[in-house]
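Topology and contacts: notes
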Amino acid sequence: MKLIWLKPYLVVAFLLLLTADASALGFALLPKDEKPNGLLFGGVTIVALFIAIAVHELGHLLTGLAQGFRFELFIVGLLGIKREDGRIKVYFNKDLGMMGGVAATMPVQQSAENRKKFARLVIAGPLASLFFGVAGILIAIYCSQGLARGFWTVAGACSLALVLATTLPTKTGIFFTDSARYQRLISKGKAGAIEEAMLAMMAQYTVDNSAKNIDIEHARLLQTDDEKFMRFWGYYYEYYYYKDNLLIAEAAEAKEKLVAEKSSVSNQIWKALKIDDNVTTAG
């Protein structure tokens, strides 16, 4: 029995446990005569958690924008902001698996520096969390009282917990942790070559608004990755390369491979790519 469907709920469960632990810690640290209403403090804790997540994702986002990448997606909790049809759209995020935060920017030109830039973008999230976490704890100790002290304690603790969670060399659901992605990006082996191929296709697609001129060998290289999520993008770019070049027979064959990989991404990603609008099954 596959447990892929459980992953979004595990992310939410982790966030709830993190919130509860941070709330209990912050409440316990308050002096007896400064303890606020427990329900009010619980609400403050939730706000502090999502501010901590927002700071982490903004670290990624702003670093990407500062390096000339194009904004694509920003999600924190129920708040979603995305680029759609050339416009920025604010929407209500219903994907549980993305409530833990997502930020995406896209390279807009081919450059040998794109891999280094993306590596900086990836590591910027944990660094932003580290600085915010330390600052939050210091503010809680020296500058605040009562509810404000509790808020900064929780915000600082959650930020430091995010540093730990995102620097583990593993994955969270279908996504790499920041540390795992950074290691791939700076790798001089196959993983690094795959990351560079991915960035090259992303940049070419952004320049042309089409996959017509991507290097098809880059797509095939992605298809050899050990990770299903990366293989999916290899099949995605292969399909659109053939489709945009009007190679009907090849596109039909690539389509079947792509649809077979649908379970490798969330429903929200699949819908955002509008693959169903372009793909029809053979029959």
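The structure we're discussing is the one just above.
In what follows, the accompanying structure is described. (Residues numbered from 1 in each chain as written. Predicted model: local features only at pLDDT ≥ 70, side-chain atom pairs only at ≥ 80, totals over all residues. Heavy atoms only, no water.)

**Digging into the overall build of the protein**
- A tally of regular secondary structure across the protein gives eleven helices and six strands.
- Across the 283 residues of the protein, 45% fall into the buried class.
- Within the protein, contacts between residues at least 6 apart in sequence are counted, and of these 62% link residues at least 24 apart.
- Accessible area for the protein stands at about 14700 Å²; split by element, carbon and sulfur atoms hold 62% of it. (Helix = DSSP H or I, 4+ residues; strand = E, 2+ residues; numbered from the N terminus. Buried < 20%, exposed > 50% of the residue type's maximum accessible area, 1.4 Å probe, protein only. Contact = heavy atoms within 4.5 Å. Areas by Shrake-Rupley, 256 points an atom, 1.4 Å probe, with all protein chains shown as cover.)

**Some words on the pattern of salt bridges**
- In total, this model carries eight salt bridges according to the counting rule given.
- Among the salt bridges present, the one from Glu 196 reaches Arg 115, with a minimum N-O distance of 2.9 Å. Placement of the pair is Glu 196 in helix H6 (residues 190-208) and Arg 115 in helix H3 (residues 114-142), with a sequence separation of 81 residues.
- Linking Glu 217 and Arg 220 is a salt bridge whose minimum nitrogen-to-oxygen distance equals 2.9 Å. (Salt bridge = Lys/Arg side-chain N within 4 Å of Asp/Glu carboxyl O.)

**Regarding unusual backbone geometry**
- With phi around 55°, Asp 85 is a residue other than glycine that occupies positive phi space.
- Relative to the helices and strands, Asp 85 is located in the loop between strand E2 (79-84) and strand E3 (87-92).
- Its identity is not glycine, yet Asn 209 carries a phi of approximately 55°, on the positive side.
- Among the structural elements, Asn 209 can be located in the loop between H6 and helix H7 (216-222).

**A look at the pairing of E3**
- Inspection of the sheet shows E2 paired to E3 by six bridges, in the antiparallel sense. Looking at E3, one finds that Lys 82 is bridged to Lys 89.
- Hairpin remark: E2 followed by E3, antiparallel, with two residues in the connecting loop; positive phi at Asp 85, about 55°. (Pairing = 2+ DSSP bridges.)

**As for the environment of Ile 51**
- On the secondary structure map, Ile 51 appears in helix H2 (residues 38-66).
- Its relative accessible area of 33% is what places Ile 51 among the partly exposed residues.
- In sequence terms Ile 51 and Ala 155 are 104 residues apart; their C-alpha atoms lie 7.2 Å from each other.
- With sequence-adjacent residues up to four places away left out, Ile 51 is seen in contact with Phe 132 and Phe 151.

**Quick notes on H3**
- Its 29 residues give H3 an end-to-end C-alpha distance of 42 Å, which sits within 8% of 42 Å, the value for a rise of 1.5 Å per residue.
- Approximately 30° is the largest bend angle found in H3, and it occurs at Ala 124, with the proline Pro 126 only one to four residues beyond. (Expected span 1.5 Å × (residues − 1). Bend = angle between axes of the 7 residues up to and from the residue.)

**Comments concerning the environment of Arg 87**
- If you trace the backbone, Arg 87 turns up in strand E3.
- Through-space distance from the C-alpha of Arg 87 to that of Glu 72 is 9.9 Å; in sequence the pair is 15 residues apart.

**Things to note about the sheet that holds E3**
- The strand order across the open sheet formed by four strands is E3-E2-E1-E4, and the pairing between neighbours is antiparallel. Where the open sheet ends on each side, the last strands, each with one partner, are E3 and strand E4 (102-106). For this sheet, the mean angle separating the axes of adjacent strands, direction not counted, is 20°. (Axes fitted to C-alpha atoms, helices over the stretch in contact; angles between N-to-C directions.)

**Comments concerning the nonpolar core**
- Among the nonpolar cores identified, the biggest contains 44 residues, and Phe 232, Trp 233, Tyr 236, Tyr 237, Leu 258 and Ile 275 are the most heavily contacted of them.
- With eleven residues, helix H8 (residues 228-244) is the single largest residue contributor to this core.
- With residues near it in sequence (within four places) discarded, Leu 258 still touches Phe 232, Tyr 235, Tyr 236, Tyr 239, Trp 270 and Ile 275.
- Of all hydrophobic cores here, the second largest spans 16 residues; its members include Ala 48, Leu 49, Ile 53 and Leu 61. (Core = buried A, V, L, I, M, F, W, Y, C linked by side-chain atoms within 4.5 Å.)

**Comments concerning the packing of aromatic side chains**
- By the definition in use, this model includes 14 aromatic pairs.
- Note on Tyr 239 and Tyr 240: the rings are 4.9 Å apart at their centroids and 75° apart in plane angle, and the pair reads as edge-to-face.
- The exposure class assigned to Tyr 239 is buried, which follows from its relative accessible area of 4%.
- Taking relative accessible area as the criterion, Tyr 240 reaches 5% and is therefore assigned buried.
- Both rings, one in Tyr 241 and one in Tyr 242, keep their centres 5.4 Å apart while their planes meet at 65°; by these two values the pair is edge-to-face.
- A network of ring pairs unites the aromatic residues Tyr 205, Phe 229, Phe 232, Trp 233, Tyr 236, Tyr 237, Tyr 239, Tyr 240 and Trp 270 as a single cluster.
- The ring of Tyr 91 is capped by Lys 82, whose NZ or CZ atom sits 4.7 Å from the centre of that ring. (Phe/Tyr/Trp six-rings, centres within 6.5 Å; stacked < 30°, edge-to-face > 60°. Lys NZ or Arg CZ within 6 Å of the ring centre and 35° of its normal.)

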